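The residues making up each chain are set out below.
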Amino acid sequence: MPANVQRKPWFRVSKQLTGVTTSYPSSYIAITGVPIRGWIRRARAEIAGSGTDLAVLISESSSSSTFGTVLEYGSTTTLTSDPLDAEEDPGIFYKISPSATGVRTGTLYIAARVNTGTEVVDVQLDIEPAI
């Protein structure tokens, strides 16, 4: 008889970054309401304009410290092809502070860089809570 496996509902969060340039990271966008502990299972990013390459950074803080970096596709010197669609198995674990006492959600931060001009980048993350 198979074991009863309980699956936690996953979160899918989407953000649009506007004014993304060749500098990286120039600014972070907050993704609020994510679990304070979780696994990033899939990340997608797509340039909404004419750019062909991008880099995406997901961080536990809005500072440029590399210690807060959870996941990075591309880097400050190397870009990846647009669109980005990466599945992470078993997932990339993160842990953030709760947004308020007794709350089990918090904020992750994302930043992006493109190869040319100023672009809009759509980012989507699939997150499995780790409770």
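The structure reproduced in this document is the subject of the present report.

The rules behind each value
- Residues numbered from 1 in each chain as written.
- Predicted model: local features only at pLDDT ≥ 70, side-chain atom pairs only at ≥ 80, totals over all residues.
- Heavy atoms only, no water.
- Core = buried A, V, L, I, M, F, W, Y, C linked by side-chain atoms within 4.5 Å.
- Buried < 20%, exposed > 50% of the residue type's maximum accessible area, 1.4 Å probe, protein only.
- Helix = DSSP H or I, 4+ residues; strand = E, 2+ residues; numbered from the N terminus.
- Contact = heavy atoms within 4.5 Å.
- Pairing = 2+ DSSP bridges.
- Axes fitted to C-alpha atoms, helices over the stretch in contact; angles between N-to-C directions.
- Salt bridge = Lys/Arg side-chain N within 4 Å of Asp/Glu carboxyl O.
- 1 Å grid on protein atoms, 1.4 Å probe; cavity = no way out; pocket = protein on both sides within 12 Å on 5 of 7 lines; lining within 4 Å.
- Points joined across faces, edges and corners; volume = space filled by probe spheres on them.
- Nonpolar A, V, L, I, M, F, W, Y, C, P; charged D, E, K, R; others polar.

The biggest cluster of nonpolar side chains holds 28 residues, and the ones touching the most others in it are Val34, Ile40, Tyr94, Val121, Leu125 and Ile127. Listed by contribution, the elements that provide at least two residues to this core are strand 1 (11-20), strand 2 (29-35), strand 3 (37-47), strand 4 (53-59), strand 5 (69-73), strand 7 (84-95), strand 8 (105-114) and strand 9 (119-129). Not counting residues within four places of it along the chain, the set of residues in contact with leucine 125 comprises Phe11, Arg12, Val13, Ile31, Ile40, Arg42, Ala43 and Ile58. Core analysis: the second largest hydrophobic core is formed by five residues, Tyr28, Ala55, Leu57 and Ala111 among them.

Here the focus is the sheet that holds strand 3. The four strands are arranged 1-9-3-7 in an open sheet whose pairing can be described as antiparallel. Strands with a single pairing partner mark the edges of an open sheet, and in this sheet they are strand 1 and strand 7. Ignoring strand direction, the axes of neighbouring strands in this sheet form an average angle of 25 degrees. With eight bridges joining them, strand 3 and strand 7 adopt antiparallel strand pairing.

Under the counting rule described, the total for this entry stands at four salt bridges. Residues arginine 42 and aspartate 85 are paired through a salt bridge, measuring 2.7 Å at the closest nitrogen-oxygen approach. Placement of the pair is arginine 42 in strand 3 and aspartate 85 in strand 7, with a sequence separation of 43 residues. Residue classification places aspartate 85 among the partly exposed positions, given a relative accessible area of 46%. Through salt bridges with shared partners, one network takes in Arg12, Arg44 and Asp126.

Right, let's talk about empty space enclosed by the protein for a bit. Tallied over the entire structure, the rule returns one cavity of 30 Å³ or more. Approximately 30 Å³ is the volume attributed to the largest cavity. Lining the largest cavity, in full, are Pro35, Ile36, Arg37, Arg104, Ala130 and Ile131. Residue composition of the lining of the largest cavity, grouped by class: four nonpolar, no polar and two charged.

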